[in-house]
Amino acid sequence: MLLAIDCGNTNTVFSIWDGEKFLATLRTSTEHQRTADQYFVWWDTLTRHHGIVPEITGVVISSTVPRVVFNLRVFSDRYFGLRPLVVGKPECRLPVDVRVDAGTQVGPDRLVNTVAGHDLYGGDLIVVDFGTATTFDVVDSDGAYIGGVIAPGVNLSLEALHMAAAALPHVDITYPDRVIGTNTVACMQSGIFWGYVGLIKEISARIIEEHGRPMTVVGTGGLAPLFQSHAPVFDQFADNLTMHGLVKIHDYNQEQDTP
């Protein structure tokens, strides 16, 4: 069994892959103070709750929060006796090229999405990931990561609006019944929802024009289903894209290490 860990700025997701399917996906908030022992207590409690007795034989980690990686390494070593494969480290090889400006550090999550997107849909892709930031990753015809766009995330934008304007409340993102709001909450929800629909469409269109070839737009991340359900902006939707990429990267490194 493979344990795939995706550590983002807001949440950390643990998925158990048995070679054919994901047995369980467990989610916790990202906290750099959390120790390896605390991770294990949480992990052991939830796997028991799901009736799973995992026999982990490999661990792969993608993390946009460097301070968390150390305790995840200790967790892997102490409780599974395994050295984890960490995306972005020199020892972790990728099945795709990265063609960006020299010295540019590409986020591990974006590399993982590139690998997964190319494996599932081929090349010439735009992968739109709804996380703390909304990212657009551009995948060339041969699967190489060639750059992208970073915009504020949906929830981050709502939180900033609430914090910067004393009269504006905190609201949940949802599909508004009408574009024209007749109260403050409805106005904010409409602005966020339709504003991001416009952002996705416009940025994707400009990327495709600049790329010079037809492209497939792939949506993933927490809020992607909401947008796809009410205002289809993606050609494809992939719920477990990042986890699929982690599995493919782990398999690729295993193959490379096999004589």
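Each remark here, short or long, concerns the structure printed above.
Residues numbered from 1 in each chain as written. Predicted model: local features only at pLDDT ≥ 70, side-chain atom pairs only at ≥ 80, totals over all residues. Heavy atoms only, no water.

Details of the pattern of salt bridges
Working step 1: Counted under the stated rule, the structure contains 13 salt bridges.
Working step 2: Between Arg-99 and Asp-142 there is a salt bridge; the shortest N-O distance is 3.1 Å. Of the two residues, Arg-99 sits in the loop between strand E5 (85–86) and helix H3 (108–121) while Asp-142 sits in the loop between strand E7 (133–139) and strand E8 (145–152), which places them 43 residues apart along the sequence.
Working step 3: With a relative accessible area of 42%, Asp-142 lands in the partly exposed category.
Working step 4: Notably, a salt bridge pairs Arg-110 with Asp-137, separated by 2.4 Å at the nearest N-O pair. Taken as a pair, Arg-110 in helix H3 and Asp-137 in strand E7 lie far apart in primary sequence, 27 residues in all. Accessibility classification places Arg-110 together with Asp-137 in one group, the buried group.
Working step 5: Salt bridges sharing partners connect three or more residues here, namely Asp-97, Arg-99, Asp-124, Asp-140, Asp-142 and Arg-213. (Salt bridge = Lys/Arg side-chain N within 4 Å of Asp/Glu carboxyl O. Helix = DSSP H or I, 4+ residues; strand = E, 2+ residues; numbered from the N terminus. Buried < 20%, exposed > 50% of the residue type's maximum accessible area, 1.4 Å probe, protein only.)

Topic: the environment of Gln-38
Working step 1: Topologically, Gln-38 is positioned in helix H1 (residues 36–49).
Working step 2: Classification of Gln-38 by relative accessible area gives partly exposed; the value is 43%.
Working step 3: Between the alpha carbons of Gln-38 and Phe-75 there is a distance of 9.0 Å; along the sequence they are 37 residues apart.
Working step 4: Within the structure, Gln-38 has its side chain in polar contact with the backbone nitrogen of Thr-35 (distance 2.8 Å). (Polar contact = N/O pair within 3.5 Å; in protein donor to acceptor, adjacent residues only side chain to side chain.)

Overview of the packing of helix H4 (residues 154–164) against helix H5 (residues 184–211)
Working step 1: Between H4 and H5, whose axes approach to 11 Å, the crossing angle comes to 145°. Handedness of the crossing formed by H4 with H5: right-handed. Contacts from Val-154, Ser-157, Leu-158 and Leu-161 of H4 reach H5 at Met-188, Ile-192 and Tyr-196.
Working step 2: For the contact of H4 with H5, the class distribution of residues is six nonpolar, one polar and no charged. (Axes fitted to C-alpha atoms, helices over the stretch in contact; angles between N-to-C directions. Left-handed = near helix turned anticlockwise from the far one by under 90°. Contact = heavy atoms within 4.5 Å. Nonpolar A, V, L, I, M, F, W, Y, C, P; charged D, E, K, R; others polar.)

Focus on unusual backbone geometry
Working step 1: Of note in the backbone geometry, Asp-124 takes a positive phi value of approximately 55° without being a glycine.
Working step 2: The buried category is assigned to Asp-124, whose relative accessible area is 13%.

Remarks on the nonpolar core
Working step 1: In terms of nonpolar packing, the biggest core is built from 26 residues, with Phe-130, Val-154, Ile-173, Phe-227 and Phe-234 touching the most fellow members.
Working step 2: Secondary structure elements with two or more residues in this core: strand E6 (125–130), E7, H4, H5 and helix H6 (224–230).
Working step 3: The greatest single-element share of this core, amounting to eight residues, is contributed by H5.
Working step 4: Filtering out sequence-adjacent residues up to four positions away, Phe-227 remains in contact with Phe-130, Val-154, Phe-193, Tyr-196, Val-197, Pro-232 and Val-233.
Working step 5: The next biggest cluster of nonpolar side chains, apart from the first, holds 23 residues, and it includes Ile-5, Ile-56, Phe-75 and Phe-80. (Core = buried A, V, L, I, M, F, W, Y, C linked by side-chain atoms within 4.5 Å.)

Structural notes on the sheet that holds strand E1 (residues 2–7)
In any sheet, the strands associate via hydrogen bonds between backbone groups, in a parallel or an antiparallel arrangement.
Working step 1: With mixed pairing, the five strands of this open sheet are ordered in space as E3-E2-E1-E4-E5. Each edge of the sheet is formed by a strand with only one pairing partner; in this case those strands are strand E3 (22–29) and E5.
Working step 2: Taken together, the six bridges between E1 and strand E4 (residues 58–63) define a ladder with parallel strand orientation. By the bridge assignment for E4, Ala-4 is matched with Val-60.
Working step 3: In the packing of helix H7 (residues 241–257) onto the sheet, the strands contacted are E1, strand E2 (11–17), E3, E4 and E5, and the crossing angle to E1 comes to about 125°. (Pairing = 2+ DSSP bridges.)

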